[in-house]
Amino acid sequence: MFKTYKFTMPVQTLFLLALLAAGCSYPELAERGENAPGSHRCGECHIAIYEEWKDSPHAKSFSNPAFKEVTYDYRFEFCLGCHAPDSIYTPPAADGQTSLIIPAPRQTNLDEGVNCNGCHLTADCKLAGPLKAAAPHPVANVHSLYKKSVLCGTCHQGTYREWLAVSDRDRKSCQDCHMPSSERKLIQDAPWSWFYKNKPTRKHSFSSEDGLNAVKAPIEITLGELRAAGSEVTGVIELENLSIPHSIPTGDYGYKEAVLIIEITYRSGRRQLIKEESFFTEMDTALEHGQKKYVKFSFPGNLKDVMGSHLETTLLRRTFDGSTKIILTQQSMPANLSLRVDIP
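Note that the structure is a prediction, hence the values are computed from the model and not measured.

Quick word on the overall build of the protein
Each helix and strand counted, the protein has 11 helices and 11 strands in total. Burial status across the protein gives 42% buried among its 344 residues. For the protein, contacts bridging at least 24 residues in sequence account for 63% of all contacts bridging at least 6. Of the roughly 19,200 Å² that the protein leaves accessible, carbon and sulfur atoms contribute 56%.

In structure tokens, the structure reads:
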């Protein structure tokens, strides 16, 4: 009598192993130096992730004109290790806890900035990530590092130290905010896509907008007491960083400005700027996690002007030349709710 054996290995996996055994593998994807592939090669299979990355700040970290200008045509070599890293594992690998060593800069594919290999290529030329999977290229058994903020802290060191200072119960990881989960196949290209199920991957857009969407009520803006005295109106706006686990603005280098813009919209619809207040990391005026700031303002007006008007507040990040503005929060508040009239 013959025994019947039940295979526990999924059929898809058996086919995948058969393909690999037949020589359908690409070890050149894990090369470094002159033989390093461009990120477009990774994008041939990891299509969705590549499409997100190529429009991200990471992809433009070396080629953007502002970086070229402030480094005097890349003469500040200290900056290159983070803006065009060879690999976060060289030299040496982040230990997952406290060791933050700037990566060595690479010499090829510089225009790709922080490319695929910069984050996923290990010191022994294997590709690593947060998900376990068989692949047609050398794969390293390193997964936990990609779920920890220290991965991002290798380059974003100042922001990482701010994040560490926030109590554990309040802080999400960098990836939780700036790389939201996306349920999908890791590989979209056939035939490899046939062997993969949907998994909780991460978006690779690395956007501030994603970070703001990930936290509930990140910045609270309230109107303090508003006074109308004679021909002048005075007041105060209160800002509080409730749940962003780092300062606003944040970062080690470059131009970092957050600005609060206060405007009034009168009953007639006319809008008037009444205050701009800037916050800078270098001047120790950044809005830290859990911190409140009070911004005073005044403008010519009287009780009649204020009644029926609204105060419009916008907190945003902007570049030095004002060409890029990222709105962090906006709020419209009826002016009369906090109004106090001083009677002579």
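Digging into the nonpolar core
L260 and F297 are the most contacted members of the largest nonpolar core, which has 30 residues in total. Those elements that provide at least two residues to this core are β3 (219–223), β4 (226–229), β5 (232–241), β6 (257–265), β7 (271–280), β8 (292–300), β9 (310–318) and β10 (325–334). With four residues, the top contributor of residues to this core is β6. Setting aside residues no more than four positions away along its own chain, F297 makes contact with L223, L226, V233, T234, G235, V236, I237, I262, I274, K275 and L311. The next biggest cluster of nonpolar side chains, apart from the first, holds 10 residues, and it includes I88, Y146, L151 and W163.

Looking at the sheet that holds β9
In spatial order, the strands read β7-β6-β9-β10; together these four strands make up an open sheet with antiparallel pairing. At either end of the open sheet lies a strand with only one pairing partner, and these are β7 and β10. Each adjacent strand pair in this sheet contributes to an overall mean axis angle of 15°, direction not counted. The pairing of β9 with β10 spans nine bridges and is classified as antiparallel. Residue pairing in the sheet places T314 in a bridge with Q330 of β10.

Some words on the confidence of the model for the protein
Chain-level pLDDT for the protein is 85 on average; 87% of the residues reach the 70-or-more range. Across the protein, the element-wise mean pLDDT spans from 54 in helix α1 (residues 11–21) up to 96 in helix α3 (residues 47–53). Predicted confidence for residues 1–9 stays below pLDDT 50, and this span has two contacts to residues more than four positions away or in other chains. Here residues 92–98 is a poorly scored stretch, pLDDT under 50, and it has 11 contacts once near neighbours within four places are set aside; other chains count.

Conventions we followed
- Residues numbered from 1 in each chain as written.
- Predicted model: local features only at pLDDT ≥ 70, side-chain atom pairs only at ≥ 80, totals over all residues.
- Heavy atoms only, no water.
- Helix = DSSP H or I, 4+ residues; strand = E, 2+ residues; numbered from the N terminus.
- Buried < 20%, exposed > 50% of the residue type's maximum accessible area, 1.4 Å probe, protein only.
- Contact = heavy atoms within 4.5 Å.
- Areas by Shrake-Rupley, 256 points an atom, 1.4 Å probe, with all protein chains shown as cover.
- Core = buried A, V, L, I, M, F, W, Y, C linked by side-chain atoms within 4.5 Å.
- Pairing = 2+ DSSP bridges.
- Axes fitted to C-alpha atoms, helices over the stretch in contact; angles between N-to-C directions.
- pLDDT = per-residue confidence, 0-100.

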